[in-house]
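Each chain is listed here by its residues.
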Amino acid sequence: MLDNAFVKIPDNTNLIFHSDQGWQYQHKTYQKRLKDKGIRQSMSRKGNCLDNSIMENFFGLLKSELLYLREFDSMEEFRVELERYIDYYNNKRIKAKLKGLSPVQYRLQSLSVA
């Protein structure tokens, strides 16, 4: 997986790679490869599933609301649809936990009150 990703990712892009603490992600060789490519590694703390819960929730929604609903003819088509979904998720998709607002609307409202 890492070899395939490195073919497509330029060096020193300042990407952050977030993972759990699986043995493969803790391996020094794996960590060095990320560092040499200019990728910063971020790992969940041991025994704290809440570190990753926000992203786990987002990816669960992404899969159920986009990925599992259709097949894509190309990576480019998927990329375009992914960008559209992220825009929808941030700007249009309302959440009960955010008082019926989208994440962007909620942040803007919070900032205007502060």
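A. Broad picture of the overall build of the protein chain. Within the protein chain one finds 6 helices and 2 strands. The linear arrangement of helices and strands in the protein chain, starting from the amino end, is α-β-α-α-β-α-α-α. Here the protein chain has a C-alpha radius of gyration of 17 Å; the compact-globule value for 114 residues is 13 Å, and the former is much larger. Each principal axis of the C-alpha atoms in the protein chain carries an extent, and together these give about 45 × 40 × 25 Å. Split into buried and exposed, the 114 residues of the protein chain put 21% on the buried side. Across the protein chain, contacts joining residues at least 24 apart in sequence account for 40% of those joining residues at least 6 apart. Total accessible area on the protein chain stands at roughly 9,000 Å², and carbon and sulfur atoms take up 57% of it. Computed over 19 positive and 14 negative side-chain charges, the separation of the two mean positions in the protein chain equals 8 Å.

B. Quick look at the confidence of the model for the protein chain. With 91% of its residues at a pLDDT of 70 or more, the protein chain has an overall mean of 87. For the protein chain, per-element mean pLDDT is lowest for helix α2 (residues 23–26), which scores 80, and highest for helix α5 (residues 75–91), which scores 96.

Definitions and limits used
Residues numbered from 1 in each chain as written. Predicted model: local features only at pLDDT ≥ 70, side-chain atom pairs only at ≥ 80, totals over all residues. Heavy atoms only, no water. Helix = DSSP H or I, 4+ residues; strand = E, 2+ residues; numbered from the N terminus. Rg over C-alpha atoms; globule rule 2.2 N^0.38 Å. Buried < 20%, exposed > 50% of the residue type's maximum accessible area, 1.4 Å probe, protein only. Contact = heavy atoms within 4.5 Å. Areas by Shrake-Rupley, 256 points an atom, 1.4 Å probe, with all protein chains shown as cover. Lys, Arg positive; Asp, Glu negative; His and termini not counted. Charge placed at Lys NZ, Arg CZ, Asp CG, Glu CD. pLDDT = per-residue confidence, 0-100.

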